[in-house]
Amino acid sequence: MTTTQEVAGRDKTETVQSHTQGQEFLLRPATDISEDAHGITVLADMPGVSKDRLNVQVDQNQLLIEGTMAIDLPTGMEALYADVRATKYGASFQLSPELETDRIEANLVEGVLSVRIPKRAEFRPRRIEVQAG
């Protein structure tokens, strides 16, 4: 455990050098995927990622989720040490052709990304009316 004196006594160039070396970590977000009769829902935990630092895209049958976490310091403050620097989240998923990729909806609420992908109409269950005769 680092004491306050050790943190305060560190040379500022040490922190700057580690940032300039481009140390960036790529994390796969914790993800839950669920399916119902009408489509699938992907929930990805991406704490610290804002909407403007988030990229959700689909290319053919590939869903790509990327986001960059940033810790904003109050004005006039400078970090002397940080265990977490800029962290990138990234995940990709192969999608089934039975999904309608042109109707994807995505929402980001309190660090949780929700992506809803509906199934094509021909793959949804439908009730068949039985006629008596």
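In the block above lies the structure referred to throughout.
Residues numbered from 1 in each chain as written. Predicted model: local features only at pLDDT ≥ 70, side-chain atom pairs only at ≥ 80, totals over all residues. Heavy atoms only, no water.

Our next topic: the environment of G90. You can see G90 is positioned in strand β6 (residues 87–94). Sequence-wise, G90 and L27 are 63 residues apart; in three dimensions their C-alpha atoms are separated by 6.2 Å. If sequence neighbours within four positions are ignored, G90 has contacts with L26, L27, R28, P29, I65 and E66. (Helix = DSSP H or I, 4+ residues; strand = E, 2+ residues; numbered from the N terminus. Contact = heavy atoms within 4.5 Å.)

Taken as a whole, this structure holds 4 salt bridges when the rule is applied. When the shortest N-O distance is used, the salt bridge between E100 and R103 registers 3.0 Å. Assessed through its relative accessible area of 44%, R103 is described here as partly exposed. Ionic pairing is found between E100 and R124, a salt bridge with its closest N-O pair at 3.2 Å. With a gap of 24 residues between them, E100 in the loop between β6 and β7 (105–109) and R124 in the segment after β8 (112–118) connect regions that are remote in the sequence. Look at E100 and you get buried, because its relative accessible area is 13%. Assessed through its relative accessible area of 24%, R124 is described here as partly exposed. Each member of the salt-bridge network shares a partner with another, and the members are E100, R103 and R124. (Salt bridge = Lys/Arg side-chain N within 4 Å of Asp/Glu carboxyl O. Buried < 20%, exposed > 50% of the residue type's maximum accessible area, 1.4 Å probe, protein only.)

The biggest cluster of nonpolar side chains holds 17 residues, and the ones touching the most others in it are M46, L63, I65, L113, V115 and I117. Those elements that provide at least two residues to this core are β3 (39–45), β4 (49–59), β5 (62–69), β6 and β8. Sequence-distant contacts of M46, that is, excluding residues within four places in its chain, are made with P29, L54, I65, E66, G67, Y89, G111 and L113. (Core = buried A, V, L, I, M, F, W, Y, C linked by side-chain atoms within 4.5 Å.)

The subject of this paragraph is the sheet that holds β8. Judged by pairing direction, the sheet is antiparallel, and its 4 strands sit side by side in the order β2-β3-β8-β7 without closing on themselves. Strand pairing shows two members of the sheet lacking a second neighbour, β2 (31–36) and β7, which therefore form its edges. Between one strand and the next, the sheet's axes are offset by a mean angle of 15 degrees, whatever the strand orientation. The pairing of β2 with β3 spans 6 bridges and is classified as antiparallel. By the bridge assignment, I33 is partnered in β3 with V42. (Pairing = 2+ DSSP bridges. Axes fitted to C-alpha atoms, helices over the stretch in contact; angles between N-to-C directions.)

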